Amino acid sequence: MGSGELCKKFDSKKAIILGLGKAFPHQLVLQDFLVDAYFKITNRHDPDLKQKLVRLCKTTSVKTRYVVMSEEILSQYPELAMEGVPTVTQRLDICNPAVTEMAIAASKSCIEKWGRAASDITHLVYVSSSEARLPGGDLYLAKGLGLRPDTQRVMLYFSSCSGGVAGLRVAKDIAENNPGSRVLLATSETTIIGYRPPNADRPYDLVGVALFGDGAGAVIIGTNPCVGSETPLFELHSSLQRFLPDTEKIIDGRLTEEGISFRLDRELPQIIEDNVQGFCDELMGVSKVKIDYNKLFWAVHPGGPAILNRMEKKLALSPGKLSASRKALADYGNASSNTIVYVLEYVLEEAKRRGKEEGEEQWGLILAFGPGITFEGILAKSLTI
């Protein structure tokens, strides 16, 4: 049977995920030991702040995370733990090579699982909120992977938590408008760009300390896959992006001389709860697919447990519907744009364990929320069962 006949099983107009990969820095942080280590490594003593961080760590549901930051880095750059010292140059000296190294590792893992050569990649979409340089990280990634010089590249910078799904949307559009193309989406993030010592004047910084992690993710996307050499995972059916007017201060990040200053407003979970059903209804309407929400799989960027809990309640989701997101949050923390890749891997694992139920279509929603406030969504279909 020829590859063309095999590929007729899939709509050639729709982009399909053909591989997933991830990578992490070597430093593993156990949440139970984070608080003491953080105050020790920054040489701070503030019992009240310490207890606040203890409480935050318990509420995040994070168990483990990977981070680039280490005692060795702080020994080399002690100014990163000082207040009021310009350190953006030092931070970028650390971040730029770190995100490239992780992106290369994640991409190599993804390409190996995909099963074809890196030279078959025609387009590259690179996502990061952790670096700033010219040329950008897309070029260094292409060079590190040995991609062809004619590989067409796109960068998405500082889209934060919605960046992974935004990257999927862009890669989907590229694949569907360039028949025969194979698009590599790579995301890579490190919290060093915003790392700060504890300070009573910035209690909101502790949320990031308790929640965020580092790592990289990668996805191969293309149309009309050949079953003999490629494994279709998810069909990306329809996508939608919306921003909420006058909410640009709710997720507020600024690049300063001391790195990125980042703040999440307390209203964020409520705003997402108030708007998520309308967004999902609109996405399903655009797709003209009518399925009960409890018949879908859910791959949601886990911005934090409050967001997941409010979504679950608002949409009346059955217990366990957001389990892939909760597991990714527990295992890796909120790793910004990368996290959706980890969630999708857990969705695949759950589908394989559960098996296809009779009559189940295996449709699902891939969602993320980022600065703007921006909602990103893709209606997808699992093709693994």
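All values reported here derive from a predicted model rather than from experimental measurement.

S.K.: Sorry, what's going on with the overall build of the protein chain here?
M.R.: Counting its secondary structure elements, the protein chain contains 12 helices and 13 strands. Scaling as 2.2 N^0.38, a compact globule of 385 residues should have a C-alpha radius of gyration of about 21 Å, and the protein chain matches this with 21 Å. Taking the principal axes of the C-alpha coordinates as reference, the protein chain spans close to 70 × 50 × 40 Å. Looking at the protein chain as a whole, 57% of its 385 residues are labelled buried. Contacts spanning at least 24 positions in sequence make up 80% of the contacts within the protein chain whose residues lie at least 6 apart. Computing the positive centroid from 45 side-chain charges and the negative centroid from 47, the protein chain places the two 3 Å apart.

S.K.: Is there a simple way to explain the packing of aromatic side chains in this structure?
M.R.: The description of two aromatic rings rests on the distance between their centres and on the angle between their planes. Considering all chains together, one arrives at 13 aromatic pairs under this definition. Ring plane angle 80° and centroid distance 5.6 Å describe the contact between Tyr38 and Phe39, whose orientation is recorded as edge-to-face. Overall, Tyr38 belongs to the buried group, its relative accessible area being 4%. On the basis of an interplanar angle of 55° and a centroid distance of 5.3 Å, the ring pair of Phe279 and Phe375 is categorised as tilted. Taken together, the residues span a long stretch of sequence, with Phe279 in helix α9 (residues 268–287) and Phe375 in strand β13 (residues 374–382) at a distance of 96 residues. The pair formed by Phe279 and Phe375 is uniform in burial state, with each residue classed as buried. One aromatic cluster is present, built from ring pairs that chain together Phe24, Tyr66, Tyr332, Tyr342 and Tyr346.

S.K.: Help me out: how do you make sense of the UniProt feature "active site" (unreviewed entry) in the protein chain in this one?
M.R.: Under the feature "active site" (unreviewed entry), the UniProt entry names Cys161. Here Cys161 shows up in the loop between β5 (152–157) and α7 (163–177). In this structure Cys161 touches His301, Asn334, Ser336, Ser337, Ala368 and Phe369, once residues within four positions along its chain are discounted.

S.K.: Would you mind going over the side chain of Glu230 with me for this structure?
M.R.: In this fold, Glu230 is placed in the loop between β7 (215–222) and β8 (234–243). Overall, Glu230 belongs to the buried group, its relative accessible area being 2%. One polar contact links Glu230 to Trp114, side chain to side chain, over a distance of 2.9 Å. In this structure Glu230 touches Leu18, Trp114, Arg116, Arg182 and Pro225, once residues within four positions along its chain are discounted.

S.K.: Teacher, can you tell me more about the packing of helix α10 (residues 305–314) against helix α11 (residues 323–332) here?
M.R.: Any two packed helices are characterised by how steeply their axes cross, that is the angle between the axes, and by the distance between the axes. Between α10 and α11, whose axes approach to 11 Å, the crossing angle comes to 170°. What the angle tells us is that α10 and α11 run roughly antiparallel. In this structure, α10 contributes Pro305, Leu308, Asn309 and Glu312 to the contact, and α11 contributes Ser325, Arg326 and Leu329. Of the residues that constitute the contact of α10 with α11, the class distribution is three nonpolar, two polar and two charged.

Basis of the calculations
Residues numbered from 1 in each chain as written. Predicted model: local features only at pLDDT ≥ 70, side-chain atom pairs only at ≥ 80, totals over all residues. Heavy atoms only, no water. Helix = DSSP H or I, 4+ residues; strand = E, 2+ residues; numbered from the N terminus. Rg over C-alpha atoms; globule rule 2.2 N^0.38 Å. Buried < 20%, exposed > 50% of the residue type's maximum accessible area, 1.4 Å probe, protein only. Contact = heavy atoms within 4.5 Å. Lys, Arg positive; Asp, Glu negative; His and termini not counted. Charge placed at Lys NZ, Arg CZ, Asp CG, Glu CD. Phe/Tyr/Trp six-rings, centres within 6.5 Å; stacked < 30°, edge-to-face > 60°. UniProt positions renumbered as here; feature names shortened; annotations may be inferred. Polar contact = N/O pair within 3.5 Å; in protein donor to acceptor, adjacent residues only side chain to side chain. Axes fitted to C-alpha atoms, helices over the stretch in contact; angles between N-to-C directions. Parallel < 35°, antiparallel > 145°, perpendicular 65-115°, else oblique. Nonpolar A, V, L, I, M, F, W, Y, C, P; charged D, E, K, R; others polar.

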